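# Chain and residue survey
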Amino acid sequence: MINFRDLAQALMPQLVAWRRDFHQHPELGFEEVRTADIVAAHLRNLNIETSVGVGKTGVVGLVRGSGPGPTVLLRFDMDALPIQEQSAAPYASQRPGRMHACGHDAHTAMGMGVAQLLAHTREQWPGQVKLLFQPAEEGLGGALATIRDGVLTNPRPDAAFALHVWNQAALGTLTVQAGPFMAAADRFEIEIIGHGGHGAAPEDTIDALLIGAQVVNALHHIISRNIPPHETAVLSLGSFHAGNAFNVIAQRATLSGTLRTFEPAIRNTLIDRMGQVLEGICTAYGASYTFNLIEAEYTPAVRNDPRMAEIARQAASNLFEPQQIIQIRPMMVSEDMSEILNRVPGCYIMLGAEPETGALGSHHNPKFDINEEVLPLGTALMAQIATHFLLDGTSAASPTLMI
Ligand SMILES: [Zn+2]
Ligand SMILES: [Zn+2]
């Protein structure tokens, strides 16, 4: 087996330069034109077959090894967030209201490093590595867009892996665990339609504000009274707007929020109960309502395939000490890598990247930053996982297991 640790460490200055350049020039989902151009030029320089415009602004590189064999997909996301960076770093965002506040700049730089390591070692492993530089991970459906554009065909991947830097965990710690890992996410919107009127004559109105307040209370009882205690679910309301004058009873109230679940049955229970609660309260007060679950923004749960998690763990054990491989509880955040993992067995990995001074801001915070020492670690890890799967992992994929 090739050990990519030293090869990746030698790339450190280049990885940092790439990451800082992307950090200074953040691009939102489906707008990653400059980023994609840099990635595509790098892949072509390495003589890697390169497709651009995959899922609008995605880039796919296919690195061919020494001969026929399976295909493994590695995914790196590229998009930034609509956040104004608060940083004195020399590499702070140069674009107002745009920031790499989740670390996808680091992922893109790592992906370029992985491309280089794999291109230079291609005689030493069989099969193909498909490098997906994905647009629009931050809630915009980038993974699904690349799937619709055929990223899972020609050739179809036999395995898929992705990692995320994590600045709340010690540098070099990582997770490679099987089973549920990140929650499914739903977005919902509610509108309550009452009958507005004079604040001095409530008897002539149907007060949408008051009904909204009842709904807020009742919705928060669903988790505690209808979901079994051993299951995991979140129902959070993020907005509630009603009325705009002190002496006018509100005609309408609007609410929005998110659901987080792991099991489809639990998700269905939540949705059903929300509908019943709305129907009951609005009927009691004589109001009407709309309840809109935005299916187009649904993100499934991330589930790591046990065999792929084991392959990732074996590969990681060549680079990391056993105590660096940590076990964490499933997270309630979501990730659209789940769209790929629902179709291809794989594993999603978190890699600790806490700055030496401690993190000033968590992910999606204006003060977010990472420890750049994570760049060669992630680069080596992904190259190691891909080649470990191609050289050794496929022997575990006995045909008898694939009935
Ligand atoms: Zn994020
Ligand atoms: Zn992210």
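Details of the structure are given in the entry above.
Scope of this entry: the structure provided in the associated data block. Quick caveat: nothing in here was measured; it's all calculated off a predicted structure.

### Looking at the coordination of the zinc ion (ligand 1)
Each protein donor to the zinc ion (ligand 1) is listed here as C102 (SG), E138 (OE), E138 (OE) and H364 (NE2); together their distances run 2.0 to 2.8 Å. Coordination at the zinc ion (ligand 1) is irregular: its four donor atoms span angles of 51 to 151 degrees at the metal. We note that the donor set of the zinc ion (ligand 1) lies within a single chain, spaced as C-x35-E-x225-H. Between the zinc ion (ligand 1) and the zinc ion (ligand 2), both coordinated by C102, there is a metal-metal distance of 3.1 Å.

### Quick word on the coordination of the zinc ion (ligand 2)
C102 (SG), H104 (NE2) and H164 (NE2) make up the full set of protein donors to the zinc ion (ligand 2), lying at 2.1 to 2.4 Å. Donor residues for the zinc ion (ligand 2) sit on one chain with the sequence pattern C-x1-H-x59-H. The buried category is assigned to H164, whose relative accessible area is 7%.

### Regarding helix 8 (residues 306-316)
Residues of helix 8 that are buried include every one of M308, A309, I311, A312, A315 and A316, and no others. One face of helix 8 carries all of its buried residues, which in axial projection span an arc of 160 degrees. Contacts from the buried residues of helix 8 go to strand 5 (159-166), strand 6 (174-175), strand 15 (346-352) and helix 10 (374-391).

### Thoughts on the layout of surface pockets
In this model, the largest pocket occupies a volume close to 790 Å³. Lining the largest pocket are 35 residues, with E137, E138, G139, S334 and E335 sitting closest to its centre. Among the elements of the structure, helix 5 (142-148), strand 5, strand 8 (184-193), strand 10 (233-242), strand 12 (252-261) and strand 15 are those that each provide at least two residues to the lining of the largest pocket. Looking at the lining of the largest pocket residue by residue, the class counts come to 14 nonpolar, 11 polar and 10 charged. For the second largest pocket, the calculated volume is near 310 Å³. Considering the residues around the second largest pocket, the lining is formed by 18 residues, among which Y91, P355, L360, D369 and I370 are closest to the centre. Residue composition of the lining of the second largest pocket, grouped by class: seven nonpolar, five polar and six charged.

### Side note on the packing of helix 2 (residues 12-24) against helix 10
Helices that pack against each other are described as a pair by the angle of their axes relative to one another and the distance between those axes. Direction vectors running N to C along helix 2 and helix 10 enclose 105 degrees, while the axes themselves pass 9 Å from each other. Classed by the angle they form, the pair helix 2 and helix 10 counts as roughly perpendicular. Contact with helix 2, carried on its side by M12, L15, V16 and R19, involves L375, P376 and T379 of helix 10 and no other residues of that element. Its residues assigned to classes, the contact of helix 2 with helix 10 shows five nonpolar, one polar and one charged.

### Observations regarding the pattern of salt bridges
Summed over all chains, the structure comprises 18 salt bridges. For the salt bridge of R19 with D369, the shortest nitrogen-to-oxygen distance reads 3.0 Å. Note that R19 is positioned in helix 2 and D369 in the loop between strand 15 and helix 10, a separation of 350 residues in sequence. Relative accessible area serves as the criterion here: at 0%, R19 is assigned to the buried category. Note that R303 is salt-bridged to E263, the shortest N-O span being 3.7 Å. Pair noted here: R303 is in strand 14 (residues 302-304) and E263 is in the loop between strand 12 and helix 7 (264-285), with a separation of 40 residues, a long-range link.

### Quick word on the sheet that holds strand 4 (residues 128-134)
In space, the seven strands of this open sheet follow the order 1-2-4-3-5-15-6, with mixed pairing throughout. Both outer strands of the open sheet, strand 1 (49-54) and strand 6, are each paired with one neighbouring strand and no more. Pairing geometry for strand 3 (residues 71-77) and strand 5, over four bridges, is parallel. From the neighbouring strand, L73 faces strand 5, where its bridge partner is A160. Lying on the sheet, helix 4 (residues 104-120) is in contact with strand 2 (58-64), strand 3, strand 4 and strand 5; it crosses strand 3 at an angle near 150 degrees.

Each value, and the rule that gives it
- Sequence order as written defines residue numbering, which begins from 1 separately in each chain.
- Key to labels: chains lettered from A, ligands numbered from 1, both in the order written.
- Confidence filtering applies because this is a predicted model: local features only for residues at pLDDT of at least 70, side-chain atom pairs given and counted only at 80 or more, and all residues used for totals across whole chains, interfaces and linings.
- Values reported for side chains reflect all heavy atoms of the structure, with hydrogen atoms and water molecules removed beforehand.
- Distances decide who is a donor: an N, O or S atom must be within 2.8 Å of the metal, or within 3.2 Å for Na, K and Ca. Water is not included, so sites may look incomplete.
- In short, tetrahedral needs four donors with all angles between 85 and 135 degrees, square planar needs four and octahedral six donors with opposite donors over 155 degrees apart and all other angles between 65 and 115, and whatever is left is irregular.
- Type-normalised accessible area, obtained with a 1.4 Å probe on protein chains alone, sets the label of each residue: buried when under 20%, exposed when over 50%, and partly exposed for intermediate values.
- Comment: elements are numbered from the N terminus, with helices defined as DSSP H or I runs of at least four residues and strands as E runs of at least two.
- Arc, as used here, means the arc of the directions from the helix axis to the C-beta atoms.
- Contacts are residue-level and defined by heavy atoms, with any inter-residue pair within 4.5 Å sufficient.
- Two kinds of site are reported from a 1 Å grid over the protein atoms alone, namely cavities, where a 1.4 Å probe fits but cannot get out, and pockets, open sets with protein on both sides within 12 Å along at least five of seven lines, and residues are called lining when an atom falls within 4 Å of a point.
- Grid points are joined across faces, edges and corners, and a volume is the space filled by probe spheres set on the points.
- Each residue is assigned to one of three groups, with Ala, Val, Leu, Ile, Met, Phe, Trp, Tyr, Cys and Pro labelled nonpolar, Asp, Glu, Lys and Arg labelled charged, and all others, Gly among them, labelled polar.
- Note on definitions: angles span 0 to 180 degrees between N-to-C directions of axes, and those axes are lines fitted to C-alpha atoms, for helices only across the stretch in contact.
- By the definition adopted for this analysis, an angle is roughly parallel if under 35 degrees, roughly antiparallel if over 145, roughly perpendicular if from 65 to 115, and oblique otherwise.
- Every case where a carboxyl oxygen of Asp or Glu lies within 4 Å of a side-chain nitrogen of Lys or Arg is listed as a salt bridge.
- For two strands to be treated as a pair, DSSP must find no fewer than two bridges joining them.

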